[in-house]
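Next come the chains, spelled out residue by residue.
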Amino acid sequence: MPIDIKEFEKKFEWYPFGRIQDFLVFAGQLQRHGYTLEDVKEYVETKISEQEILRKKYILYKIDCPKCGDPLWLLPVNDKPSTQTGDDSKTVMMCKNPDCLYTEFSTKDINELVYEMIMKQKGGN
Ligand SMILES: [Zn+2]
């Protein structure tokens, strides 16, 4: 039975057409690999709670600048055209202190760096 296009558009006018197209591609891949929407929900909830834990731990385990001791900024690089560094680094750590400006690039991503820090702190206890 064909759907009522007008009614469909009215119910989902808040959802961009491009996203509906993306959803179709994604749903096709889910089906192909035997996953359900419940599986996707579980995946998203797991990722969110993992990121939440990392974010909380990051606040607890701040990285201090090895030069001056001020907190470092962790920023992703090479993730978009404006942050290209010409190498394979994924993260830059920059000192927030304008008199120091210590900078270090890493091939690890932010989650890996934070995880490593947490492990170091645990090991140091
Ligand atoms: Zn510094």
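Our subject is the structure that appears above.
Throughout this description, residue numbers start from 1 for each chain and increase along the sequence as written. It should be noted that, the model being predicted, local features are given only for residues of pLDDT at least 70 and side-chain atom pairs only at 80 or more, the latter also being counted only at that level, while totals for whole chains, interfaces and linings use all residues. Computation of side-chain values: all heavy atoms of the structure, hydrogens and water removed.

Undergrad: I tried to follow the overall build of the protein chain on my own but got confused; where do I start?
TA: Scanning the protein chain from terminus to terminus reveals 4 helices and 3 strands. Secondary structure elements of the protein chain occur, N-terminal to C-terminal, as α-α-α-β-β-β-α. A globule of 125 residues ought to have a C-alpha radius of gyration of about 14 Å, yet the protein chain, at 22 Å, is considerably larger. Principal axes of the C-alpha set define a box for the protein chain whose edges measure 70 × 35 × 25 Å. Think of it in three bands: residues with accessible area under 20% of the maximum for their type are buried, residues over 50% are exposed, and the middle band is partly exposed, with areas taken using a 1.4 Å probe on protein chains only. Across the 125 residues that make up the protein chain, the buried fraction comes to 18%. Only heavy atoms matter for contacts: two residues are in contact if any of them lie within 4.5 Å across the pair. A separation of at least 24 residues holds for 30% of the contacts in the protein chain among residues at least 6 apart in sequence. Charge counting treats Lys and Arg as positive and Asp and Glu as negative, with His and both chain ends excluded. Every charge is mapped onto a representative atom, which is NZ of Lys, CZ of Arg, CG of Asp or CD of Glu. If you average the places of the 18 positive and of the 21 negative side-chain charges in the protein chain, the two averages end up 3 Å apart. Helix and strand definitions here come from DSSP, where helices need a minimum of 4 consecutive H or I residues and strands a minimum of 2 consecutive E residues; each element is numbered from the N-terminal end. Taken over C-alpha atoms, the radius of gyration is set against a globule rule of 2.2 Å times the number of residues to the power 0.38.

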